[in-house]
Amino acid sequence: MATLYRKTNGQGVQVEDTRVVVVMVGLPARGKSLIAQKVVRYLRWLSIKAKAFNVGSYRRQDTPQPTADFFDTSNKDGERMRHAAAEAAVKDMLKWFKTDGGAVAILDATNSTKARRRWVRERCADNGIETLYVESKCDSEETIMANIMEVKTTSPDYEGQDPEAAALDFLNRIRNYEKVYETIDEDEKDLTYVKLIDVGKQVIINQIQDYLQSRVVYYLMNLHIRPRSIWLSRHGESEFNLSGKIGGDANISERGQLYARALPDLVASSVGDDRRLTIWTSTLKRTIQTARFLAASPKGYDKLEWKALDELDSGVCDGLTYQEIADQYPEDFKARDDDKYNYRYRGGESYRDVVIRLEPIIMELERSENIIIVTHQAVLRCIYAYYMNVPQEQSPWMEVPLHTLIKLTPRAYSTEEQRFDANIPAVSTFRSKGSTAKHQ
Ligand code: ATP
Ligand code: F6P
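Residue indices follow the written sequence of each chain, beginning from 1 at its first position. For naming, the first written chain is A and the first written ligand is 1, with later ones following in the order written. Thresholds applied to this predicted model are a pLDDT of at least 70 for local features of residues and 80 or more for the giving and counting of side-chain atom pairs; totals over whole chains, interfaces and linings are not thresholded and use all residues.

Where an unreviewed UniProt entry is consulted, the protein chain appears under the name fructose-2,6-bisphosphate 2-phosphatase, with the organism given as Imshaugia aleurites. UniProt positions are given in the numbering used here, feature names are shortened, and annotations may be inferred rather than shown by experiment. According to its UniProt record, the protein chain has this under Sequence similarities (unreviewed entry): "In the C-terminal section; belongs to the phosphoglycerate mutase family."

Draft legend 1. How the structure looks around the overall build of the protein chain. Helical segments are the DSSP runs of H or I of at least four residues, strand segments are the runs of E of at least two, and each set is numbered from the N terminus. Along its length, the protein chain carries 15 helices and 14 strands. Here the C-alpha radius of gyration of the protein chain, 24 Å, is about what a compact globule of 440 residues would show, namely 22 Å. When the backbone C-alpha atoms are referred to their principal axes, the protein chain occupies close to 75 × 50 × 40 Å. Long-range pairs, those at least 24 residues apart, make up 69% of the contacts in the protein chain between residues at least 6 apart in sequence. In this description the radius of gyration comes from C-alpha coordinates, and the expected globular size is given by 2.2 Å times residues to the power 0.38. Here the contact rule is simple: place C-beta atoms from the backbone, and any two residues whose C-beta atoms are within 7 Å are in contact.

Draft legend 2. A look at the site of ligand 1. Only the C-beta atom, placed from the backbone, is used; a residue is near a molecule or strand if that atom lies within 6 Å of it. Lining the immediate environment of ligand 1, one finds 21 residues, of which Pro28, Gly31, Lys32, Ser33 and Leu34 sit closest. For the shell around ligand 1, the secondary-structure elements that each account for two or more residues are helix 1 (32–45) and helix 5 (141–152). Gly falls in the polar group here, along with every residue not listed as nonpolar (Ala, Val, Leu, Ile, Met, Phe, Trp, Tyr, Cys, Pro) or charged (Asp, Glu, Lys, Arg). Looking at the shell around ligand 1 residue by residue, the class counts come to 10 nonpolar, 8 polar and 3 charged.

Draft legend 3. Just helix 7 (residues 211–222), in detail. Between its first and last C-alpha, helix 7 extends 17 Å over 12 residues, near the 16 Å set by a 1.5 Å rise per residue. Whether a residue is buried, exposed or partly exposed is read from the other C-beta atoms within 10 Å of its own C-beta, which are placed from the backbone; 20 or more gives buried, 12 or fewer gives exposed, and intermediate counts give partly exposed. All of the buried residues in helix 7 are Leu212, Gln213, Arg215, Val216, Val217 and Leu220. Multiplying 1.5 Å by the residue count of a helix minus one yields the expected span of that helix.

Draft legend 4. Geometry of the sheet that holds strand 9 (residues 230–234). The pairing criterion for strands is at least two bridges between them, as found by DSSP. Spatially, 11-10-12-9-13-14 is the arrangement adopted by the 6 strands of the open sheet, whose pairing is mixed. Edge positions in the open sheet fall to strand 11 (302–305) and strand 14 (415–421), since each of these has one partner strand only. Taken pair by pair, the neighbouring strands of this sheet meet at an average axis angle of 20°, ignoring direction. Running at roughly 25° to strand 13 (residues 404–410), helix 9 (residues 254–271) makes contact with strand 9, strand 12 (371–375), strand 13 and strand 14 of the sheet. To get an axis, fit a line to the C-alpha atoms, keeping to the stretch in contact for a helix; angles then go from 0 to 180 degrees between the N-to-C directions.

Draft legend 5. Highlighting the packing of helix 2 (residues 55–62) against helix 3 (residues 76–100). It is the contact of helix 2 with helix 3, at a shortest axis distance of 8 Å, that shows an interaxial angle of 125°. Between helix 2 and helix 3, the angle falls in the class oblique. Pair helix 2 / helix 3 crosses with right-handed handedness. From helix 2, Val55, Tyr58, Arg59 and Asp62 reach across to helix 3, where they touch Met81, Arg82, Ala85, Ala86, Ala88 and Ala89. Split into classes, the residues belonging to the contact of helix 2 with helix 3 amount to 7 nonpolar, no polar and 3 charged. Oblique is the label for any angle not covered by the other classes, which are roughly parallel (under 35 degrees), roughly antiparallel (over 145) and roughly perpendicular (65 to 115). Note on convention: the crossing is left-handed when the near helix lies turned anticlockwise from the far helix by less than a right angle, right-handed when the turn is clockwise.

Draft legend 6. Local environment of the pairing of strand 3 (residues 20–25). Summarising burial for strand 3: 6 of the 6 residues are buried, a large majority. Burial along strand 3 is two-sided: Val20, Val22 and Met24 facing one way and Val21, Val23 and Val25 facing the other are all buried. In terms of strand pairing, strand 3 meets strand 5 (residues 104–108) through 4 bridges, oriented parallel. Along strand 5, the bridge assignment pairs Val23 with Leu107. Taken together, the 6 bridges between strand 3 and strand 6 (residues 130–137) define a ladder with parallel strand orientation. Among the inter-strand pairings, Val23 is bridged to a residue of strand 6, identified as Tyr133.

Draft legend 7. Fine view of the sheet that holds strand 6. In spatial order, the strands read 4-5-3-6-7-8; together these 6 strands make up an open sheet with mixed pairing. What marks the edges here is a single partner per strand, and that holds for strand 4 (50–54) and strand 8 (202–206). Ignoring strand direction, the axes of neighbouring strands in this sheet form an average angle of 15°.

Draft legend 8. Structural detail: the site of ligand 2. Taken together, Asn241, Ile246, Gly247, Glu311, Leu312, Ser314, His376, Gln377, Ala378, Pro396, Thr429 and Arg431 are the residues near ligand 2. Here the residues of the shell around ligand 2 are counted per class, giving 4 nonpolar, 6 polar and 2 charged.

Draft legend 9. Structural detail: the UniProt feature "active site" (unreviewed entry) in the protein chain. This chain's UniProt record puts "active site" (unreviewed entry) on His235 and Glu311. The largest pairwise C-alpha distance within this set of annotated residues, which runs over 77 residues, is 10.7 Å, so the set is compact in three dimensions. The exposure class assigned to His235 is buried, which follows from the 29 C-beta atoms found within 10 Å. Discounting chain neighbours no more than four positions away, the residues touching His235 are Ile252, Gly256, Arg286, Thr287, Thr290, Val374 and His376. Contact partners of Glu311, with chain neighbours within four places excluded, come to Gly247, Ser282, Leu284, His376, Ala378 and Val379.

Draft legend 10. Up close: the environment of Val55. Topologically, Val55 is positioned in helix 2. Taking C-alpha positions, Val55 is 8.2 Å from Ala88, a pair spaced 33 residues apart along the chain. Among residues more than four places away in sequence, those in contact with Val55 are Ala85, Ala86, Ala89, Asp108 and Ala109.

Draft legend 11. Local environment of the nonpolar core. Note on terminology: a nonpolar core is a set of buried residues of type Ala, Val, Leu, Ile, Met, Phe, Trp, Tyr or Cys, with members joined through C-beta atoms within 7 Å. In this structure, Val22, Val23, Met24, Ile106, Leu107 and Val134 are the most contacted members of the largest nonpolar core, which totals 84 residues. Element by element, the count of residues in this core is highest for helix 15 (residues 377–388), at 8 residues. Setting aside residues up to four positions removed in sequence, Leu107 forms contacts with Val21, Val23, Met24, Phe53, Ala89, Met93 and Val120. In terms of nonpolar packing, the next biggest core, distinct from the first, is built from 5 residues, Ala29, Ile144, Ile148 and Phe170 among them.

Draft legend 12. Here's a closer look at unusual backbone geometry. Of note in this structure, Ala29 is not a glycine but carries a positive phi near 65°. With respect to the element layout, Ala29 can be found in the loop between strand 3 and helix 1. Residue classification places Ala29 among the buried positions, given that 24 C-beta atoms sit within 10 Å. If you check the backbone angles, Ser47 has positive phi at about 70° while not being a glycine. Tracing the chain through its elements places Ser47 in the loop between helix 1 and strand 4. On the basis of neighbour counts, which here come to 19 C-beta atoms within 10 Å, the residue Ser47 falls in the partly exposed class.

Below you can see the structure in the form of structure tokens.
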């Protein structure tokens, strides 16, 4: 099927008629599920309908706690049940494309033989769906052992079992897969694929066909699994916050100054070791002023200003209070409450627009380690929504208090959150649906 992408009247990149199955390939404990889940989160954040189909969970319906010999290809019953699980997952996946209008499905399984990969390709091609193979290849015993201890011994496959016995059994499971595993090679050069070797140290790309596939591949190339955290803070309370006005480029208030002075210690206590952070601010005065003391800290943090981190542009409403907007633009005020994510201020932006302009920021965050971002209410909501998988209807309504530092730490399948309150009073700039109450 032909794929078509176009930019529609500023609503960001729209993907039309595009249907791709990202087929994961690799031995167990190579990060396939983690990659699958991250790709889904990233695409959904960009409003692309995506879903992962994990063959392991289909297999678990009949065989919840198999031992390693279940995965030995000479075990006929095992073979039959594993194929049935793959069939069921592919069937549901194809149905999802048809009935739910899906755009990108991730088939999360080992797909470790050429025969299996051909079979998936044919099933998809018969339904007019493209395939993109993503192989994760990693032979570092240290990484594999760490992966097993981190996620496999606690998987439902081994619930209630001794972790050491579980790890040993999982290693035997891998041995069984190794007997038949075929890496993607020359014979398969007609496939569209990306091979991630040793957690992205080397990347081999073949026959990438279109925009969406190249976005996914670029995203995958930027992933790493080194430990790190991301710190998020709004700027200190501003003069505009005090008067209830939105937007602008005001200075921070006296209490905002106190927050700026408190920030280096607050950050130090939340870091807990001697890691060096890099500070990112917007180009607006209030974030630069807030980061001033942090940037001057003896730790020698580097600092970068990003235009992409500037607050959501409220166009003709810039500098007004919510009450003034309700008085002067009542229809707009209502339209925004009805669909805050998509509502675009006249001459300004919507949350959807902000997400699109933040995409390079997310990409850079994925490549980096230990970044502290000092930014604004709407922008912070969008970045937070990416990490915490917050649905679009909710994200513009999240409460993100001033003078609070948020630390996010990505873990294998989730993101851990900690909040540090500076205990410095500030107005609340949160506005609930329908309200025009002034900040207080
Ligand atoms: P299985 O086939 O048993 O489902 P899997 O390949 O899906 O295994 P995951 O469950 O995703 O493996 O393993 C997660 C672990 O893999 C995490 O500890 C993560 O840090 C690590 N990991 C993530 N990406 C990679 C990678 N590219 N190579 C190796 N390990 C990785
Ligand atoms: O009030 C502070 C502020 O950062 C404004 O500059 C901005 O328009 C607003 O918050 C964004 O929040 P909301 O989308 O809830 O109006």
